[in-house]
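Listed below are the residues making up each chain.
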Amino acid sequence: MPHPDFLFPAQADMRAVARRLYGEVAGLPIISPHGHCDPAWFARDAPFSDPATLFVVPDHYVFRMLYSQGVPLEALGVPRADGGKTETDTRAIWRLLARNWPLFRGTPTRLWMEHGFSSLFGIEERLDAGNADRLYDLIASKLQEPAYRPRALFERFNIEALATTQAAIDTLEHHRTLRDSGWTGRVITTFRPDAVVDPAFPGFAGNIAELGRLTGEDTTTWRGYLAALMQRRAYFRGFGATATDHGHPTAATADLPADAAAALFGRVLAGAAAADAELFRAQMLTEMARMSLEDGLVMQIHPGAVRDHNPSVFARFGRDKGADIPARTDYVQALKPLLDRFGNESRLTVIVFTLDETSYSRELAPLAGHYPALRLGPPWWFFDSPEGMRRFRELTTETAGFANTVGFNDDTRAFCSIPSRHDVARRADCAYLARLVTEHTLDEDEAREVAIDLAYRLAKSAYRL
Amino acid sequence: MPHPDFLFPAQADMRAVARRLYGEVAGLPIISPHGHCDPAWFARDAPFSDPATLFVVPDHYVFRMLYSQGVPLEALGVPRADGGKTETDTRAIWRLLARNWPLFRGTPTRLWMEHGFSSLFGIEERLDAGNADRLYDLIASKLQEPAYRPRALFERFNIEALATTQAAIDTLEHHRTLRDSGWTGRVITTFRPDAVVDPAFPGFAGNIAELGRLTGEDTTTWRGYLAALMQRRAYFRGFGATATDHGHPTAATADLPADAAAALFGRVLAGAAAADAELFRAQMLTEMARMSLEDGLVMQIHPGAVRDHNPSVFARFGRDKGADIPARTDYVQALKPLLDRFGNESRLTVIVFTLDETSYSRELAPLAGHYPALRLGPPWWFFDSPEGMRRFRELTTETAGFANTVGFNDDTRAFCSIPSRHDVARRADCAYLARLVTEHTLDEDEAREVAIDLAYRLAKSAYRL
Amino acid sequence: MPHPDFLFPAQADMRAVARRLYGEVAGLPIISPHGHCDPAWFARDAPFSDPATLFVVPDHYVFRMLYSQGVPLEALGVPRADGGKTETDTRAIWRLLARNWPLFRGTPTRLWMEHGFSSLFGIEERLDAGNADRLYDLIASKLQEPAYRPRALFERFNIEALATTQAAIDTLEHHRTLRDSGWTGRVITTFRPDAVVDPAFPGFAGNIAELGRLTGEDTTTWRGYLAALMQRRAYFRGFGATATDHGHPTAATADLPADAAAALFGRVLAGAAAADAELFRAQMLTEMARMSLEDGLVMQIHPGAVRDHNPSVFARFGRDKGADIPARTDYVQALKPLLDRFGNESRLTVIVFTLDETSYSRELAPLAGHYPALRLGPPWWFFDSPEGMRRFRELTTETAGFANTVGFNDDTRAFCSIPSRHDVARRADCAYLARLVTEHTLDEDEAREVAIDLAYRLAKSAYRL
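Counting restarts for each chain: residues are numbered from 1 in the order of the written sequence. Chains and ligands are labelled sequentially in the order written, the chains with letters from A and the ligands with numbers from 1. Local features in this predicted model are restricted to residues of pLDDT 70 or higher, and side-chain atom pairs are both shown and tallied only at a pLDDT of 80 or more, whereas totals for entire chains, interfaces and linings draw on every residue. The side-chain numbers reported here are obtained from all heavy atoms of the structure, hydrogens and water having been left aside.

**What about the overall build of chain A?**
Right, so step 1: The secondary structure content of chain A amounts to 20 helices and 11 strands.
Right, so step 2: Within these notes, the globule rule equals 2.2 Å times the number of residues to the 0.38 power, and the radius of gyration is based on C-alpha atoms. In terms of overall dimensions, chain A is globule-like: its C-alpha atoms have a radius of gyration of 22 Å, near the 23 Å expected for 465 residues.
Right, so step 3: Projected onto its principal axes, the C-alpha positions of chain A cover 65 × 60 × 45 Å.
Right, so step 4: Counting across all 465 residues of chain A, residues that qualify as buried make up 65%.
Right, so step 5: By definition in these notes, contact holds between two residues if any of their heavy atoms fall within 4.5 Å. The contacts of chain A with a sequence gap of at least 6 include a subset with a gap of at least 24, amounting to 76%.
Right, so step 6: In the structure as shown, chain A presents an accessible area of about 14,900 Å², 52% of it carried by carbon and sulfur atoms.
Right, so step 7: By the counting scheme adopted, Arg and Lys are positive, Glu and Asp are negative, and His together with the chain ends is not counted. The atom standing in for a charge is NZ when the residue is Lys, CZ when it is Arg, CG when it is Asp and CD when it is Glu. Of the charged side chains in chain A, 52 are positive and 60 negative; the average position of the first set lies 2 Å away from that of the second. Numbering of helices and strands runs from the N terminus; a helix is a DSSP stretch of H or I covering at least four residues, while a strand is a stretch of E covering at least two. Burial status follows relative accessibility: with a 1.4 Å probe on protein chains alone, a residue under 20% of its type maximum counts as buried, one over 50% as exposed, and anything between as partly exposed. Per-residue and other accessible areas were derived by the Shrake-Rupley procedure at a 1.4 Å probe size, with only the shown protein chains allowed to occlude residues.

Given below as structure tokens:
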């Protein structure tokens, strides 16, 4: 297990306050309102197969670091999108990880993984070439025990609610299985319409057609398309969804007159130019905000990643292979059309994330500290880390306070890292609050309330869970 | 009163140094070279009416936070620009503040207000719904005492000089009253010509006509317009002004040939396109620098805010209602035309501010660490806060040193927050210096001198007070 | 000498760890893989003339600060490019420095110089007007002793390898003298082709012609030009070069088809427009990467400075006079063409630097944490400082780890500052690591290994020394 003072400031008074605050939140249930766990795990409740398949192969945080130091992705078992050969000997993959373990020094990946090794498997040694085989065997055998099945782990992790993310045209079969299973774990879905609102998305036209097929709406017309989206949102709400999620290259929004929007839809359906695609995505964010005001779904905007920056990795391995790179992201002008229309609605909640930390203090905190509809998402992706969390609080609190933030998101597909990620967030927030207390800008009783807000209550209320 | 160690680092050696440094500066008089106090307060010396009108209604730091959490601005007594109804029961407004007090945790607003409650009214309790009425009555009754009138407070605050800000076409009647009153408090004005140099300013053409009327110059000609501005600058100097101030959307400057500038003036007077407006503002900054070289007024540039980002708040409540949002701001190319012309003049002082902290280390410190005419203004607006001040020093000192900065500006219209704002700045600077001392990069005797420079001497010399 | 705890955190546990880590690296040899020392110093081994010529006249960190506060560059002995008069009384220059010494409070320049005064000359007093003459005499007399000649200092500094930087058309005569001298100090060159790949470089066409003369290639043709560059690279490798260096206004790269590149070369040779110049520089970075893959030279890209921002200083004093200002720099799109072509080559090493710290966490760490060919250069120029180094580690480690960074570069022409600069870097890294250890995210035995990597091993391996 991590050291009791893990991530706490070294100074004795601050550490003592941090410990006390953490004591209040360490045991709170986990609210995971945004992530990418596979609902099939919980639907099927089959054992995880082996350490490499659980911890290495699907985790782009892990393999991108190894790849950056010259380890081929094939050697790590990453599936080839082009049908090429890849390593299938999971023990060999695990050994590669072990041999390269020092690369993860100073990274959150190492913290998450060691927390998992320790809390799940009782492993307190540091992984290395010498103990790789023994630890592989230990983990592999534990994974076959009933206590290590997905549902058992979900309960052991003390997860009160976990949201997965599905495409708008997903049938939600696993969520249906889950719902019908009688299992009481709260695994809900999130409505992610990128594939049907982003004309640059692979297979866009086909996706729109599928959307029509699923809903019985005529998605070749603007009106039918909007009705189909509204119908799918209702369908997702039927499987517990309380939120939508939008992963766009930029935060651009638009608010076109209805006929201009309809004409634009016609153009992008016919095969859009890049500028039309950007405008259509922008328009659709405002349409989604309008729908959210109707149906109550919380809206999440995740902008600013240049996806698949490395074309040869993309050609060989496909999407989400560690080659997404953040870019400078504007919010002030980008969000204005949506905010002009709906920013003053306090019944609407739009949660904005960023990969451009310069926007925290310059744009996002001032925006969230004014508009009733706007909230700041927690530090995301590359910034889901102790330093990233510290900067987030230091750069946003003075302008936006705590109440305009929404607690923590783990945003992960690495199920076993969830307890650790939340633990890191709780500790990082307690460390920040401990500084405020020892520097006499916040009283400790207030800090205690805030710590609970950040660890539990804000996520629950912001996501309407 | 704030804790004696308020804002000081918790580590014992650093805290001890910080205390000693602060001991040297805590009692120094306040130099407030840039702000927005109403000169009428000191001219009339009438009592402030009540707690809500003093602390809530005019303070956009306060009501923007409440608004962001769904409290209507009407309920906070913010006057409607469109004639609509707004709350007039000041006790009800105060109760709203009290009930929402936890929103201000971690914000400088809370620090400033509690400092004021404590030092002025002896209130050491935390404001809440339970004590709201009692504290309202206490403050309201004190405000009627002679010791709480503006001039008495000015003296109690130990203000050596306070600059207000007036538009170029202001008659300065309150400053005239003050000057003729025999009161010895030094309240001076600052020349702010935005309304007559920014073609996008509401009523620009009328303002130019008024400028002509006031000066007897023909402000329909470029030459007459410049002469009128020069005349108004002299008029402002007659009321103590030592500085001008320029609040532009960007830091753009231009240095056009005289005939091109004259032609541009003609176009903007006739009703300018946006590009011409930007170019004209840019040109006018360089004209103002030229005039400053003649008449010795220090020039302040406050760029980078997107004003009135929220059109519906603007329509209902008008300007300065908490909806100004910083934007990315360039200085390297923007200031070049002005600097090419006047940057090497050490008789000229141009003080540049920013709302884009990324420019501190990348652009502003390198520029100020080279050009004799350039100085860095203190952390401004959203960054007038403990964290903002710490970042400012950490990001500028290594390149620009201390002497290229100009001490602290409170830049406030909240009169009662002035002592607290200066106290926060002094403490934050002492905390920063204490780290340098304990990490052995600065000797304590030097830190003491620097602390006094930052708290008092630099503002006085940079603003020629 | 600096205090034993110089730059270490004040908190006792952290300080103890920092001391122990520093104890492991303080005595390691210096690897200086990138800098601007004059090879003639070591070739001739003549005494340095006097304190002002050694410490003030050539150091733009020093004179830019004095200039920013109104000291004319002429008074500091900076040579006039236009033939005008400049101060030649070196004692007078030294007195000016002494009188203005307080300006350097809080700057790394002061740390470097005091370290040099102390370690080289035994001076433990603070420079001021009162001791200026005495210290001048002391330093001046020491400089005449054999122990203060360049080669003796090189050995005393414990430099294992020092790279200088020469233009592609430099004859490397001093390196030849050195090679033939029998002296064992390892002073190598670096291939810097800016003058022959940047069409905006003064004398570009003449430089290309000189390149042809030196190599016997027809540099009026694209093919001959490339062959000439390849030949010069081989020539530089003959004098120990293991790296190239590229100082471009932006990080733009391009990957044109061969015939388009040839046509572009024809245009820029005939006198290019700005857009062509930018495209040509961009194309040449990719050509250089291609050549590096052939000949093994490590490639360094130093982008983002607006050179000679001050035209009147440039006209009077020429280049490199403290008026270079960083600008916002994009890497994500800029490097893509080069990375698309060669980013997956683990035999290639491209080291990227920045003057735009916002790119550390947003762009550079994610890029270096993915592409096998990419490494992050250390904090550069304005950021070669304690705070700059701290931010670099805090902003890059969590995403890129340590192994994707390359240790420290002093990048200096101030020979006597080299030991201090490396000492500052080692201390700053140990301070950072000490925090990780006391916050329990890194074990101390690991931190020890990392400290040695950062101080010595990474520079040696990344630069193939």
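**Considerations on the environment of Phe353 of chain A**
Residues and elements named next belong to chain A.
Right, so step 1: The topology assignment puts Phe353 in the loop between strand E10 (350-352) and helix H17 (358-368).
Right, so step 2: With a relative accessible area of 2%, Phe353 lands in the buried category.
Right, so step 3: C-alpha of Phe353 to C-alpha of Ala258: the two residues are 95 residues apart in sequence and 28 Å apart in space.
Right, so step 4: What Phe353 contacts, discounting residues up to four positions off in sequence, is Gln300, Ile301, His302, Pro303, Tyr331, Gly377, Pro378, Trp380, Asn409 and Tyr463.

**Things to note about the interface of chain C and chain A**
Right, so step 1: Facing 47 residues of chain C, the contacting portion of chain A comprises 48 residues.
Right, so step 2: A per-residue breakdown of the area chain C buries against chain A is headed by Arg362, His370 and Glu398 of chain C, which together make up 21% of the total.
Right, so step 3: Counted as salt bridges are all cases of a side-chain nitrogen of Lys or Arg within 4 Å of a carboxyl oxygen of Asp or Glu. Put simply, chain C and chain A have 9 salt bridges between them.
Right, so step 4: In this structure, Glu446 of chain C engages Arg105 of chain A in a salt bridge whose closest nitrogen and oxygen atoms are separated by 3.6 Å.
Right, so step 5: Those elements that place two or more of their residues in the side of chain C that touches chain A are helix H1 (12-25), helix H16 (336-342), helix H17 (358-368), helix H18 (386-400), helix H19 (418-438) and helix H20 (444-462) of chain C.
Right, so step 6: At 7 residues, the largest contribution of residues to the side of chain C that touches chain A is made by H17 of chain C.
Right, so step 7: For this classification, the nonpolar set comprises Ala, Val, Leu, Ile, Met, Phe, Trp, Tyr, Cys and Pro, the charged set comprises Asp, Glu, Lys and Arg, and every other residue, Gly included, is treated as polar. Grouping the amino acids of the side of chain C that touches chain A by side-chain chemistry returns 15 nonpolar, 16 polar and 16 charged. For any pair of parts, buried area is found by adding up, for both, the accessible area (1.4 Å probe) each one loses once the two are put together.

**Some points on the relation of the copies chain A and chain B**
Right, so step 1: A least-squares fit on C-alpha atoms brings the copies together, and the residues used are those whose pLDDT is at least 70 in both copies. The two copies are related by a screw motion: chain A maps onto chain B through a turn of 120° and a shift of 0.0 Å along the axis, at an RMSD of 0.0 Å. Here the two chains are linked by the operation of a three-fold rotation axis. Proximity to the rotation axis, assessed at the C-alpha, singles out Gln11 of chain A in chain A; its C-alpha lies 3.5 Å from the axis.
Right, so step 2: The residues that chain A uses at the interface reappear at the interface of chain B in only 6% of cases, marking distinct surfaces.

**Side note on the pattern of salt bridges**
Residues and elements named next belong to chain C.
Right, so step 1: Inspection of the entire model under this criterion finds 135 salt bridges over all chains.
Right, so step 2: When the shortest N-O distance is used, the salt bridge between Asp82 and Arg80 registers 2.8 Å.
Right, so step 3: Arg80 gets classed as partly exposed once you look at its relative accessible area, which sits at 23%.
Right, so step 4: Asp194 is the partner of Arg192 in a salt bridge, and the nearest nitrogen-oxygen pair spans 2.8 Å. Just as Arg192 is buried, Asp194 falls in that class too.

**Remarks on the environment of Ile159 of chain A**
Residues and elements named next belong to chain A.
Right, so step 1: Position of Ile159 among the secondary structure elements: in strand E2 (residues 159-163).
Right, so step 2: Judged by relative accessible area, which is 9%, Ile159 ranks as buried.
Right, so step 3: The contacts of Ile159, once residues within four sequence positions are left out, are Ile30, Phe154, Phe415 and Ile418.

**Some details on the side chain of Thr399 of chain C**
Right, so step 1: With respect to the helices and strands, Thr399 of chain C occurs in helix H18.
Right, so step 2: On the accessibility criterion, Thr399 of chain C (13% relative accessible area) is buried.
Right, so step 3: Discounting residues that sit within four places of it in the chain, Thr399 of chain C has contacts with Met65 and Phe382 of chain A together with Ala365, Pro366 and Gly369 of chain C.

**Considerations on the interface of chain A and chain B**
Right, so step 1: On the side of chain B, 48 residues touch chain A, which itself brings 47 residues to the contact.
Right, so step 2: Interface area, chain A with chain B, both sides summed: about 3,800 Å², of which 50% is carbon and sulfur.
Right, so step 3: Of all residues in chain A, Arg362, His370 and Glu398 of chain A give up the largest surface area on contact with chain B, accounting jointly for 21% of the area buried on that side.
Right, so step 4: Across the contact surface, chain A and chain B share 9 salt bridges.
Right, so step 5: The partner of Glu394 of chain A in a salt bridge is Arg390 of chain B, with the nearest N and O atoms 3.1 Å apart.
Right, so step 6: Nitrogen and oxygen atoms within 3.5 Å of one another constitute a polar contact, given that in protein one can donate a hydrogen and the other can accept it, and given that sequence-neighbouring residues count only through two side-chain atoms. For the pair chain A and chain B, the interface holds 29 residue pairs in polar contact (both at pLDDT 80 or more).
Right, so step 7: Every element with two or more residues in the side of chain A that touches chain B is listed here: helix H16 (336-342), H17, helix H18 (386-400), helix H19 (418-438) and helix H20 (444-462) of chain A.
Right, so step 8: Ranked by residues supplied to the side of chain A that touches chain B, first place goes to H17 of chain A with 7 residues.
Right, so step 9: Each residue belonging to the side of chain A that touches chain B can be placed in one class, and the counts come to 16 nonpolar, 16 polar and 15 charged.

**Examining the pairing of strand E2 (residues 159-163) of chain C**
Residues and elements named next belong to chain C.
Right, so step 1: Within E2, 4 of the 5 residues are buried, leaving the element largely enclosed by the surrounding structure.
Right, so step 2: When DSSP finds at least two bridges between two strands, those strands are taken to pair. The pairing of strand E1 (residues 30-32) with E2 spans 3 bridges and is parallel. Counterpart to Ser32 in the pairing with E2 is Leu162.
Right, so step 3: Of the pairings in the sheet, the one linking E2 to strand E4 (residues 187-188) comprises 2 bridges and is parallel in character. Looking across to E4, one finds that Leu162 is bridged to Val187.

**Describing helix H14 (residues 274-295) of chain B**
Residues and elements named next belong to chain B.
Right, so step 1: Working rule for helices: expected span equals 1.5 Å times residues minus one. Here H14 spans 31 Å end to end across 22 residues, near enough to the 32 Å set by a 1.5 Å rise per residue.
Right, so step 2: Within H14, 16 of the 22 residues are buried, leaving the element largely enclosed by the surrounding structure.
Right, so step 3: Just downstream of H14, Gly296 is the residue with a positive phi angle, here 80°.

**Observations regarding the confidence of the model for chain A**
Right, so step 1: Residue-level confidence of the predictor, termed pLDDT, takes values from 0 up to 100. Looking at chain A as a whole, the pLDDT averages 97, with 100% of positions reaching at least 70.
Right, so step 2: Here the prediction assigns the complex a pTM of 0.98, and the interface score ipTM is 0.97.

**Overview of the sheet that holds strand E4 (residues 187-188) of chain B**
Residues and elements named next belong to chain B.
Right, so step 1: Ordered in space as E1-E2-E4, the 3 strands form an open sheet in which the pairing is parallel. Unpaired on one side and paired on the other, strand E1 (30-32) and E4 mark the two borders of the sheet.
Right, so step 2: In this analysis an axis means a line fitted to C-alpha atoms, helices contributing only their contacting stretch, and an angle means the value between N-to-C directions, from 0 to 180 degrees. Across the face of the sheet, helix H19 (residues 418-438) comes into contact with E1 and strand E2 (159-163) while running at roughly 105° to E1.

**A look at the pairing of strand E7 (residues 298-301) of chain A**
Sheet faces and side chains relate simply in a regular strand, where the side chains alternate between the two faces.
All names here are of chain A.
Right, so step 1: Because side chains alternate across E7, one face comprises the buried residues Val298 and Gln300, and the other comprises Met299 and Ile301, equally buried.
Right, so step 2: Looking at chain direction, strand E6 (residues 243-246) and E7 are connected through 4 bridges and run parallel. By the bridge assignment, Asp245 is partnered in E7 with Gln300.
Right, so step 3: Inspection of the sheet shows E7 paired to E10 by 3 bridges, in the parallel sense. Within the sheet, the bridge partner assigned to Gln300 lies in E10 and is Ile351.

**What about the sheet that holds strand E1 (residues 30-32) of chain A?**
Right, so step 1: Taken together, the 3 strands give an open sheet; going across it, the order is E1-E2-E4 (chain A), and neighbouring strands pair in parallel fashion. Sheet topology places E1 and strand E4 (187-188) of chain A at the edges, where each strand pairs with a single neighbour.

**Some words on the packing of aromatic side chains**
Right, so step 1: To pair, rings of Phe, Tyr and Trp, with the six-membered ring standing in for Trp, must have centres within 6.5 Å; the planes then decide the type, stacked if under 30 degrees apart, edge-to-face if over 60, and tilted in the middle. The full count for this structure, using the stated rule, is 96 aromatic pairs over all chains.
Right, so step 2: Here the aromatic rings of Trp101 of chain A and Phe104 of chain A are separated by 5.7 Å at their centres, their planes lie at 45°, and the arrangement is tilted.
Right, so step 3: Exposure remark for Trp101 of chain A: the relative accessible area of 2% places this residue in the buried category.
Right, so step 4: Phe104 of chain A sits in the buried class, given a relative accessible area of 1%.
Right, so step 5: Aromatic side chains Phe42 of chain C and Phe154 of chain C sit 5.6 Å apart centroid to centroid with 70° between the ring planes, which places their arrangement in the edge-to-face category. Placement of Phe42 of chain C in helix H2 (residues 39-44) and of Phe154 of chain C in helix H8 (residues 150-156) is noted, with a sequence separation of 112 residues between them. Both residues of the pair, Phe42 of chain C and Phe154 of chain C, count as buried.
Right, so step 6: Taken together, the ring pairs in this structure connect Phe55, Trp94, Trp101, Phe104, Phe117, Phe121, Tyr136 and Tyr148 of chain A into an aromatic cluster.
Right, so step 7: For a Lys NZ or an Arg CZ to count as sitting over a ring, it must be within 6 Å of the ring centre and within 35 degrees of the ring normal. Its guanidinium or amino end placed over the ring of Trp112 of chain C, Arg421 of chain C lies 3.6 Å from that ring's centre, counting from NZ or CZ.

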